[in-house]
Amino acid sequence: MAKTLLAGVALIALTTAAQAADTLNVLTWCDHEDPALLEPFEQANGVKINFKDIDSTAAILAVLGQSKPGDWDVLVVDQTDTGRLAAMKLLEPLDAKDYPFGDIPAEIADPKLSSVDGTLYTVPEKFGYNTVAYNKAAVDPAAMTDINAIWDPKYKGRIAMYDYYVPMIEYVAIALGKKPADLTEADLPAIKEKLIALKANSQMIGDVVTVQQALASGAADILVGGGEWVTAGIVKDNPNLDYVIPTQGGVRWQQGLAIFADSKQKDLGKKFVQYILSPEGQGKLATSSCYWGMPANSKAVLSDEQKTILRWNEQPGYIKVSHPYLQMSPEFDKALQAMWAEVLQAK
């Protein structure tokens, strides 16, 4: 009986180890959950991607707080939070030679977004813009090139606002003539006042899905904080939806991939990151069914039609007039979140 019990324990241990080896656990945004993106990697490596949907760094930390060390292997993260997560000892240092940095535009590969004290922790994979998306059948496109148009009373009740404090605060700062990277707490009262005025001119503030649906359905004619992530994937069905980076500039979002420091699958995690950064992986990620965005790798496999929709040839100019998300101290981040909460509660 003892031998039988020992054999059973050994079998369970072997089965558990095999299951772990055959699974890669990823915390990811919805654009990485597309089977068209995941299945080629799963088939090539004989593994299954087990993913959990997250939509912010706060969500990542919440999941980790309910997990055991080593439960998760790879994460998709807003690159502005690279330093924050690295300081918490959550990320594995990466070797730049393992990834195609030579094919990534210098502004997107900026070490300020991916490294801390010369150590690489995240690799850029996808980017886009938080500016103004609109229905050109209902709004004059020329008017949208002025960042201040959204405060015009004639648009009252026709505007939706994206409920994410970082790009919204930066966008309003640009409208006030401020450089986002130079913001301090002294700038916040003026930004708060301007945001409350924008809210008064709007009909709603919502998450990704809510504001996408509002613009697509015609419930709103203008989406502040919108960009190609809203319009590109549905432009074939609704060619009147468009976006613009105003003359004064816009905000650039940027996703990165990282490997958890306590992952038990670091080699497989590296393979996954390399696959996502490959030309084939980049093409599938850029045109994910959840939302489209610009691939970081300039060799991404995309059709001419897809490149046209993504405005491939205009990206160098767009990058130059857009500001990346803020690199913030925890204290300044709390101040921005508190201000945004006051804006949401304002009457």
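The model shown is predicted, which means the values in this text are computed figures rather than measured ones.

Draft legend 1. Seen up close, the overall build of the protein. On a plain count of helices and strands, the protein comes out with 14 helices and 13 strands. Its C-alpha radius of gyration of 22 Å places the protein within 12% of the 20 Å reference for a compact globule of 347 residues. In the protein, which comprises 347 residues, the proportion classed as buried is 49%. Carbon and sulfur atoms make up 55% of the accessible area of the protein, which totals about 15800 Å². Across the protein, 31 positive and 43 negative side-chain charges occur, with their mean positions spaced 1 Å apart.

Draft legend 2. A look at the packing of helix 2 (residues 35-45) against helix 10 (residues 266-277). For the pair helix 2 and helix 10, the least separation of the axes is 11 Å and the interaxial angle reads 135°. Between helix 2 and helix 10, the angle falls in the class oblique. Taken as a pair, helix 2 and helix 10 cross one another with a handedness that is right-handed. Touching Ala36, Leu37, Leu38, Pro40, Phe41 and Asn45 of helix 2 are Leu268, Lys271, Phe272, Tyr275 and Ile276, all from helix 10.

Draft legend 3. Representation of the state of the cysteines. Enumeration over the complete set of coordinates arrives at one disulfide. A sulfur-sulfur distance of 1.8 Å marks the disulfide that ties Cys30 to Cys290. In this structure, the disulfide formed by Cys30 and Cys290 twists by about -55° around the S-S bond and is classed as left-handed. Within this pair, whereas Cys30 is found in the loop between strand 1 (23-28) and helix 2, its partner Cys290 is found in the loop between helix 11 (279-286) and strand 12 (294-295), the two being separated by 260 residues in sequence. Given the relative accessible area of 32%, Cys290 is considered partly exposed.

Draft legend 4. Up close: the pairing of strand 2 (residues 48-53). When strand 1 meets strand 2, the two strands line up parallel, connected through six bridges. Across the sheet, Thr23 pairs through a bridge with Lys48, a residue of strand 2.

Draft legend 5. Seen up close, the side chain of Gln79. Its location among the elements puts Gln79 in the loop between strand 3 (74-78) and helix 4 (82-87). A polar contact is formed between the side chain of Gln79 and the side chain of Thr122, at a distance of 2.7 Å. Within polar-contact distance, the side chain of Gln79 engages the side chain of Gln254 at 2.6 Å. Here Gln79 is in contact with Ile108, Leu113, Ser114, Thr122, Val123, Pro124, Gln254, Gln255, Gly256 and Gln327, once residues within four sequence places are set aside.

Draft legend 6. A look at helix 7 (residues 188-201). Taking 1.5 Å of rise per residue, the 14 residues of helix 7 would be expected to cover 20 Å, and the 20 Å separating its terminal C-alpha atoms lies within 8% of that figure. What helix 7 keeps buried is the set Leu188, Ile191, Leu195, Leu198 and Asn201. Down the axis of helix 7, the buried side of the element spans an arc of 140°, and every buried residue falls inside it. Pointing more than 90 degrees away from the buried face of helix 7 are the exposed residues Pro189 and Glu193. Contacts from the buried residues of helix 7 go to strand 7 (159-162), helix 6 (165-175), strand 9 (222-226) and helix 14 (330-345).

Draft legend 7. Seen up close, the packing of helix 10 against helix 11. Viewed as axis vectors pointing N to C, helix 10 and helix 11 meet at an angle of 70°, and their least axial separation amounts to 4 Å. Judged by the angle between their axes, helix 10 and helix 11 are roughly perpendicular. Mapping the contact onto sequence places Tyr275, Ile276 and Leu277 in helix 10 and Pro279, Gly281, Gln282, Lys284 and Leu285 in helix 11. Across the contact of helix 10 with helix 11, the residue classes break down as five nonpolar, two polar and one charged.

Draft legend 8. Fine view of the pattern of salt bridges. Under the definition given, this model contains 14 salt bridges. Between Asp31 and Lys126 there is a salt bridge, with its nearest N and O atoms 3.0 Å apart. Residue Asp31 is located in the loop between strand 1 and helix 2, and its partner Lys126 is located in strand 6 (residues 123-135); the two are separated by 95 residues in the primary sequence. Like Asp31, the residue Lys126 is buried in the burial classification. Lys178 is paired through a salt bridge with Asp187; the nearest N and O atoms lie 3.1 Å apart. Taking the relative accessible area as the measure of exposure, Asp187 reaches 15% and is therefore buried.

About the criteria used
- Residues numbered from 1 in each chain as written.
- Predicted model: local features only at pLDDT ≥ 70, side-chain atom pairs only at ≥ 80, totals over all residues.
- Heavy atoms only, no water.
- Helix = DSSP H or I, 4+ residues; strand = E, 2+ residues; numbered from the N terminus.
- Rg over C-alpha atoms; globule rule 2.2 N^0.38 Å.
- Buried < 20%, exposed > 50% of the residue type's maximum accessible area, 1.4 Å probe, protein only.
- Areas by Shrake-Rupley, 256 points an atom, 1.4 Å probe, with all protein chains shown as cover.
- Lys, Arg positive; Asp, Glu negative; His and termini not counted.
- Charge placed at Lys NZ, Arg CZ, Asp CG, Glu CD.
- Axes fitted to C-alpha atoms, helices over the stretch in contact; angles between N-to-C directions.
- Parallel < 35°, antiparallel > 145°, perpendicular 65-115°, else oblique.
- Left-handed = near helix turned anticlockwise from the far one by under 90°.
- Contact = heavy atoms within 4.5 Å.
- Disulfide = S-S within 2.5 Å.
- Pairing = 2+ DSSP bridges.
- Polar contact = N/O pair within 3.5 Å; in protein donor to acceptor, adjacent residues only side chain to side chain.
- Expected span 1.5 Å × (residues − 1).
- Arc of directions from axis to C-beta.
- Nonpolar A, V, L, I, M, F, W, Y, C, P; charged D, E, K, R; others polar.
- Salt bridge = Lys/Arg side-chain N within 4 Å of Asp/Glu carboxyl O.

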